[in-house]
Amino acid sequence: MSQALAQIQPAQRAVRIAAPARALSRRQKAAVIVKLLVSEGSPIPISALPEDMQADLTEEMGQLRLVDRDTLQAVVAEFLAELDGVGLAFPGGMEGALKAMDGHISSEAAHRLRRAGAGPADPWERLNALPPDKLLPVLEDEAPEVAAVVLSKLPVARAAELLGKLPGQRARRVAFAVSQTGDVDPATVRRIGQTLAHQLEAEPPRAFAAAPGERVGAILNIARSQTRDDVLAGLEAEDAVFSAEVRRSIFTFAHLPERVLPADVPKIVRLVDQPILVTALAGDPVVAAFLLSHLSQRLAQTLQDEITDRPPPREAEAEEAMTAIIESIRRLEAAGGITLSQPPEG
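Residues numbered from 1 in each chain as written. Predicted model: local features only at pLDDT ≥ 70, side-chain atom pairs only at ≥ 80, totals over all residues. Heavy atoms only, no water.

To keep it simple, the criterion reads: UniProt positions are given in the numbering used here, feature names are shortened, and annotations may be inferred rather than shown by experiment.
Going by the annotation in an unreviewed UniProt entry, the name recorded for the protein chain is Flagellar motor switch protein FliG, with Falsirhodobacter algicola given as the source organism. The record held by UniProt for the protein chain lists under Sequence similarities (unreviewed entry) the comment "Belongs to the FliG family." We quote the UniProt Function (unreviewed entry) comment for the protein chain here in full: "FliG is one of three proteins (FliG, FliN, FliM) that forms the rotor-mounted switch complex (C ring), located at the base of the basal body. This complex interacts with the CheY and CheZ chemotaxis proteins, in addition to contacting components of the motor that determine the direction of flagellar rotation."

### Here's the deal with the pattern of salt bridges
Rules: Within this document, salt bridges are pairs made up of a side-chain nitrogen of Lys or Arg and a carboxyl oxygen of Asp or Glu, the two lying within 4 Å of each other. Counting from the N terminus, the helices are the DSSP runs of H or I reaching at least four residues and the strands are the DSSP runs of E reaching at least two. Exposure categories follow from relative accessible area, calculated using a 1.4 Å probe and restricted to protein chains: below 20% of the type maximum is buried, above 50% is exposed, and the middle band is partly exposed.
In total, this model carries 8 salt bridges according to the counting rule given. Measuring nitrogen to oxygen at the nearest pair gives 3.1 Å for the salt bridge that ties Glu60 to Arg27. Taken together, the residues Glu60 in helix α3 (residues 51-63) and Arg27 in helix α2 (residues 26-39) connect sequence positions 33 residues apart. The exposure class of Arg27 is partly exposed, given its relative accessible area of 42%. One salt-bridge network, in which partners are shared between bridges, spans Arg27, Asp56 and Glu60.

### A word on the side chain of Arg170
As a reminder of what qualifies: Within this scheme the basic residues Lys and Arg register as positive and the acidic residues Asp and Glu register as negative, but His and the chain ends are omitted. Any pair of N or O atoms that falls within 3.5 Å is considered a polar contact. Within protein, one atom must be able to donate a hydrogen and the other to accept it, and sequence-neighbouring residues count only if both atoms are side-chain atoms. Contacts: residue pairs with any heavy atoms within 4.5 Å of one another.
Following the sequence through the fold, Arg170 ends up in helix α11 (residues 168-178). An unpaired buried charge is present at Arg170: no salt bridge exists, and Asp141, the closest side chain of opposite charge, is 6.9 Å distant. Within the local environment of Arg170, its side chain forms a polar contact with the backbone oxygen of Leu139, the two atoms lying 2.7 Å apart. With sequence-adjacent residues up to four places away left out, Arg170 is seen in contact with Leu139, Glu140, Asp141, Glu142, Ala143, Pro144 and Ala147.

### Examining the side chain of Asp264
For Asp264, the position within the fold is in the loop between α16 (256-259) and α17 (265-269). Looking at Asp264, the relative accessible area reads 8%, which means it is buried. The residues contacting Asp264, other than those within four sequence positions of it, are Ile338 and Thr339.

Right under this line is the structure:
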């Protein structure tokens, strides 16, 4: 920005105003700088300023008329001098400070600051930053008119994603309600945003990101089969609903045929050393048949020969090899390398 200002030539068109540079207020000088940068085609993120500052700046630009060349040069020189004197710039606003401190303060402290009223001046920025599963209940439970305002304030792609998750009849009602929002005033839209942001951010942070069923399932994934079977039997007797959640979260070696896409099989056999793979396949003929059937004939025959030539693995040895493969598959899935099919319900 300072470079663009410094390159302005005195011969640029200007007209005269009776007041010298010292008679202009700081807001007027800011309006002069902004007008000059805009006329030079320099990008300035005015929209990042608080709305009241944007309004004040625009109002000042509307009141100014003509600025003479000497006044313009004096304002630019003063502005450049102030820029040169800046030693350190802070992000401005609590949300900017929270972003700068991300990873350096605890999530509890950040949450407490946001609940105390921190955050960007525009509540819709905070709402847009929330994950879809937090916004979807708003569209489902609030009045269609409120849901319509929410859709209208979100980016188009995000609004389309959320609308697609609504049941057909609800989606149609909300879409129709958008047609009724033409006369809604900005103050009302802002109040709706503030209310929703306060409600959604008022929930305390969770100590665990995953649901209880997912956490138990992850533990049982790498537990010994006997332990897994005993725990699942006990859960079934105590709480059938929770037991079903846990079972849906479990992904073991035996689930490969129903969860792995055939096209991903070659990626999976490359995840671990071949002796570990052969040991796991020797311990489960059903999974072995599935994996070998989706490999090249040459590689499948090589693995089959090694399985046939080696003695049957001990149960603990086979489970250790299977666990190593499952852990590698989970890492590959998390990295986006493969996509596992969803487990069947029930």
